[in-house]
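One letter stands for each residue in the lines below.
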Amino acid sequence: MLIATNGRGHVVKRPSKPAIGTMLANLRRGNEYLILERQDEAIEGDWYIQVWFRENNTYQLEHRDGVPTEHYQTQTVSQEKVLQALLAWVADKPDWRESFMWNNIGRMFTPRTPDDEGEPTA
């Protein structure tokens, strides 16, 4: 099941395209966000796409493909590009990522181990 949640606690189960568009358009600048999450008890992991509308008028878009190491981030100033990505992700279109340059930030979400201590940081 698809669930949309915003930073004000508003939850919509099985949101329509217009509902997703409205939730995105209603984001206020700052730390407000919108998360679209696929929930299925038969599939392990976290599957979601989320967007924040930042103070500097940029949209920070992130998605996770099941596990923390598969967590990616990008930024854009285009609300339209974000909406197209959200809707394509919801529709499970294979090319939804292609309009952006993505950075893997999964390392931020995985616990460090004693073996990591000898590795140089970037």
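Here the structure is shown first, and the text comes after it.
Residues numbered from 1 in each chain as written. Predicted model: local features only at pLDDT ≥ 70, side-chain atom pairs only at ≥ 80, totals over all residues. Heavy atoms only, no water.

A. The pattern of salt bridges, seen in detail. In total, this model carries four salt bridges according to the counting rule given. Across the pair Asp46 and Arg64 runs a salt bridge, and its minimum N-O distance is 3.7 Å. In this pair, Asp46 is assigned in strand β4 (residues 46-53) and Arg64 in strand β5 (residues 59-66), connecting sequence segments 18 residues apart. On the accessibility criterion, Asp46 (35% relative accessible area) is partly exposed. (Salt bridge = Lys/Arg side-chain N within 4 Å of Asp/Glu carboxyl O. Helix = DSSP H or I, 4+ residues; strand = E, 2+ residues; numbered from the N terminus. Buried < 20%, exposed > 50% of the residue type's maximum accessible area, 1.4 Å probe, protein only.)

B. Main features of the side chain of Glu32. Relative to the helices and strands, Glu32 resides in strand β3 (residues 32-38). Overall, Glu32 belongs to the buried group, its relative accessible area being 11%. Once residues within four sequence positions are removed from consideration, Glu32 is found in contact with Arg8, Asn26, Leu27, Val51, Trp52 and Phe53. (Contact = heavy atoms within 4.5 Å.)

C. A look at the packing of helix α1 (residues 17-25) against helix α2 (residues 79-90). Running from N to C, α1 and α2 cross one another at 145°; their axes reach a closest spacing of 10 Å. Here α1 and α2 pass one another in a crossing that is right-handed. Here α1 contributes Lys17, Ile20, Gly21, Leu24 and Ala25 to the contact with α2, which in turn contributes Gln79, Val82, Leu83, Leu86, Leu87 and Val90. Residue composition of the contact of α1 with α2, by class: eight nonpolar, two polar and one charged. (Axes fitted to C-alpha atoms, helices over the stretch in contact; angles between N-to-C directions. Left-handed = near helix turned anticlockwise from the far one by under 90°. Nonpolar A, V, L, I, M, F, W, Y, C, P; charged D, E, K, R; others polar.)

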